[in-house]
Amino acid sequence: MIRIYDTQARAKRDFVPAREGKVGMYVCGPTVYNYIHIGNARTFISFDTVRRYLEWSGYDVTFVQNVTDVDDKIITKANEEGRSAAEVAAEYTEAFIADMRAAGVKDPDIRPKATEEIDEMIKLVETLIEKGHAYEVEGDVYFSVRSFPEYGKLSNRNIDEMEGGHRELRADGKGLEDRKRDPLDFAVWKAAKPGEPSWESPWGQGRPGWHIECSAMSRKYLGMPLDIHGGGADLAFPHHENEIAQSEAACGCTFSNYWMHGGMLQINSEKMSKSLGNFLLLRDVLKECDARVLRMLMMQTHYRSPLDFSKERLDEAGASLGRLCCCIDRMDWLASHPDENAPAFVPETEGFTFEKAVKNVREAFAASMDDDFNTAGALGAIFGFVGEVNAALGTATFGPADVANLESVRDVIIELMGVLGIDVAPAKAEVAYPAEVVDLAREVAGFEGEDAAEAVDALLEARADARAEKNWAVADAVRDGLCGLGFTIEDTPQGAKVSYSC
Ligand code: AMP
Ligand code: ZN
């Protein structure tokens, strides 16, 4: 049974979707006026992992993520750059999609854009006015917070203790307090200002407020109640609180059965944010580091906890990933180079069997992930398994009868890491080999071909021959040459194993 920490209940609850076997999940997307930073990426990566785990657990998940492509920030940027808001939004929407894919985040099933769903938002605003939860003032429409007595239930706030929660400014810079019936009220529709994108509505030309977008789009694509609504913890108030008020006031039913909020990514214990200027763009970080390493770093911390980002932690994550890749590489190599004459494998650890170890790691992984997506615990299970396998295997020699077992070790690690969104399947080695290895093979092993993988084989053969003849000069020249190009050589009872990727 999966248990999810629900922000509204302030406790972990058993996860029971509204429709058996199906999960409808909505995660607030970005406002597209800039490239995303690794803080934003953390939230999206966390929810991508939640989705992957639900799918792995057998649920049919529909994942919806909006793009906020009309907003004050987009308009300001467009004005600064002398471009249209639509141009700015299109550029950064495309960049966002490319960045997410580069970070190993799956595309959502549906990615609605606010500007393409205006009719839906107008309908929702009309319903709110009809039901007495919203009112119009000179082309603006405000949600009346006090008309929804449960306001504050998500973020655990009391209406009477909130003051002017939603200060908004008019084009002339003056406060809107005089127009609203209550300072707590917030805009669901904004009258057009000169030079801004706007749409025809029953209240004249205007554009939607930010919160109404998510209420309208999630209802349209998932129906209500949603099973899971997610976002970063900074969105719980006011954004999600307002979404709840609008959606529940309009339909009289629960908006989302579970609310999940991710912790903030921090630098020097301070939230990473565009306004503080302490941000690293995801695309810049991925120029310097493998996306899998960044993701490994994120998976080492529970999604609700703050995550301190540093170069040191990234390096450590790289080393951990390297250890896993080495194990997979080793299993892969042993399974594809069985010694025809090897006797049946006898584990070095008493009681070890491949079947049991593989079954245990699956169970331990699932137990951690079931507990509110504890990815750190899940990684712990995988590393524990790798340690156990390495200890049991020792320096044994493996024969044809062991191939399936070795493959099962390799495959379970690849499968479980895949659930965390980290692809550790052995790379097609030839693709990654550097071209210089061909020159080395020509020089030291008399190789005459062009192919890098064949060159490596020729070098290993030359080294084995040289060692048999005790010609250490040649044997060392091969080893040093390969190491100099970034290869590692490990001598095993089944021959020399060379790896390049880890
Ligand atoms: P925004 O474009 O500012 O609405 O942010 C998009 C998403 O990134 C939201 O879910 C935010 O909660 C999330 N986010 C923003 N800053 C951080 C951060 N430092 N750490 C984690 N998530 C963040
Ligand atoms: Zn939202």
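Once a new chain begins, its residue numbering starts again from 1 and follows that chain's sequence as written. The order in which chains are written sets their letters, starting at A; the order in which ligands are written sets their numbers, starting at 1. Totals for whole chains, interfaces and linings use every residue, but because this is a predicted model, local features are given only for residues with pLDDT of at least 70 and side-chain atom pairs only at 80 or more, for both listing and counting. With hydrogens and water excluded, all non-hydrogen atoms of the structure serve as input to the side-chain values.

Trainee: Just give me the short version of the coordination of the zinc ion (ligand 2), but keep the residues and values in it.
Mentor: Cys28 (SG), Cys214 (SG), His239 (NE2) and Glu243 (OE) make up the full set of protein donors to the zinc ion (ligand 2), lying at 2.1 to 2.3 Å. If you look at the zinc ion (ligand 2), its 4 donor atoms make angles of 76 to 129° with each other, and the shape they trace is irregular. Written as a sequence motif, the donor residues of the zinc ion (ligand 2) are C-x185-C-x24-H-x3-E. Taken together, the residues span a long stretch of sequence, with Cys214 in helix α5 (residues 210-222) and Glu243 in helix α6 (residues 236-251) at a distance of 29 residues. Here Cys214 matches Glu243 in class, with each residue buried. Coordination partners: N, O, S within 2.8 Å of the metal, 3.2 Å for Na, K and Ca; water not considered, so apparent gaps in a site are possible. Four donors are marked tetrahedral only if all angles between them lie between 85 and 135 degrees, whereas four are marked square planar and six octahedral if opposite donors are more than 155 degrees apart and the other angles lie between 65 and 115; the remainder are marked irregular. Runs of E in the DSSP output that reach at least two residues are strands. Runs of H or I that reach at least four are helices, and both are numbered from the N terminus. Type-normalised accessible area, obtained with a 1.4 Å probe on protein chains alone, sets the label of each residue: buried when under 20%, exposed when over 50%, and partly exposed for intermediate values.

Trainee: Which residues make up the state of the cysteines, and what values go with them?
Mentor: By convention in this document, the label disulfide applies to cysteine sulfur atom pairs within 2.5 Å. A full pass over the atoms with the stated rule returns 1 disulfide. Disulfide pairing places Cys251 opposite Cys253 at an S-S distance of 2.4 Å. On the sign convention where negative means left-handed, the S-S torsion of about -105° between Cys251 and Cys253 marks this disulfide as left-handed.

Trainee: Go over the site of ligand 1 with me, naming the residues and quoting the values.
Mentor: Here a residue is considered near a molecule or strand provided that any single heavy atom belonging to it is located within 4 Å of it. Lining the immediate environment of ligand 1, one finds 15 residues, of which Gly39, Thr43, Asp234, Leu265 and Met272 sit closest. Polar contact is the term for a pair of N or O atoms within 3.5 Å; when the atoms are in protein, one must be able to donate a hydrogen and the other to accept it, and sequence-neighboring residues count only if both atoms are side-chain atoms. Between a nitrogen atom of ligand 1 and a side-chain N or O atom of Thr43, the distance comes to 2.7 Å. Measuring from an oxygen atom of ligand 1, one finds a backbone N or O atom of Gly232 at 3.1 Å. Areas reported as accessible are Shrake-Rupley estimates using a 1.4 Å probe. Residue values count occlusion only from the protein chains shown. Coverage of ligand 1 by the protein amounts to 91% of the 480 Å² it exposes when considered alone. For the shell around ligand 1, the leading source of residues is helix α1 (residues 38-56), giving 4 residues. When residues are sorted by character, Ala, Val, Leu, Ile, Met, Phe, Trp, Tyr, Cys and Pro go into the nonpolar class, Asp, Glu, Lys and Arg into the charged class, and all the rest, Gly among them, into the polar class. For the shell around ligand 1, the per-class residue count stands at 6 nonpolar, 7 polar and 2 charged.

Trainee: Outline the packing of helix α15 (residues 452-468) against helix α16 (residues 472-484), supporting the account with residue identities and numerical values.
Mentor: Helix packing geometry: the angle between the two helix axes and the distance between the axes. Fitting a line to C-alpha atoms yields each axis, with helices limited to the stretch in contact; the angle taken between N-to-C directions then spans 0 to 180 degrees. For the pair α15 and α16, the least separation of the axes is 7 Å and the interaxial angle reads 150°. Considered as vectors, α15 and α16 are oriented roughly antiparallel to each other. Here the hand of the crossing between α15 and α16 comes out left-handed. For the pair formed by α15 and α16, the contact residues are Leu459, Leu460, Arg463, Ala466 and Arg467 on the first element and Trp472, Val474, Ala475, Val478, Arg479 and Leu482 on the second. Of the residues that constitute the contact of α15 with α16, the class distribution is 8 nonpolar, no polar and 3 charged. Any angle that falls under 35 degrees is termed roughly parallel, while one over 145 is termed roughly antiparallel, one within 65 to 115 roughly perpendicular, and all others oblique. Handedness of a helix crossing follows the sense of rotation of the near helix relative to the far helix, less than a right angle counterclockwise being left-handed and clockwise being right-handed. Pairs of residues are marked as contacts when any of their non-hydrogen atoms sit within 4.5 Å.

Trainee: Hey, could you go over the pattern of salt bridges for me, with residue numbers and the actual values?
Mentor: The salt bridge criterion pairs a side-chain nitrogen of Lys or Arg with a carboxyl oxygen of Asp or Glu, the two atoms within 4 Å. The tally for this structure, following the rule as stated, stands at 41 salt bridges. Arg283 is the partner of Asp99 in a salt bridge, and the nearest nitrogen-oxygen pair spans 2.9 Å. Separated by 184 residues along the polypeptide, Asp99 in helix α3 (residues 85-102) and Arg283 in helix α7 (residues 282-288) bring together distant segments of the chain. A relative accessible area of 5% means that Asp99 is categorised as buried. The class of Arg283 is partly exposed, set by a relative accessible area of 26%. Residue Arg146 is joined to Asp160 by a salt bridge in which the shortest nitrogen-to-oxygen separation is 3.0 Å. Within this pair, whereas Arg146 is found in the loop between β6 (140-143) and β7 (186-191), its partner Asp160 is found in the loop between β6 and β7, the two being separated by 14 residues in sequence. Under the relative-accessibility criterion, Arg146 is labelled partly exposed at 44%. A single network of salt bridges, built from pairs that share partners, joins Arg51, Glu55, Lys106 and Asp109.

Trainee: Account for unusual backbone geometry, naming residues and giving values.
Mentor: Cis peptide bonds are those with omega within 30 degrees of zero, and the linkage from Met224 to Pro225 qualifies with 0°. Looking at the secondary structure, you find Pro225 in the loop between α5 and β9 (226-232). Cis geometry is found at the peptide bond from Phe237 to Pro238, where omega equals 0°. Summarising the element assignment, Pro238 is placed in helix α6. Residues other than glycine seldom take positive phi values, yet Asp372 does so here, at roughly 55°. Mapping Asp372 onto the fold places it in the loop between α10 (354-370) and α11 (375-393).

Any functional reading would require information that these geometric values do not contain.
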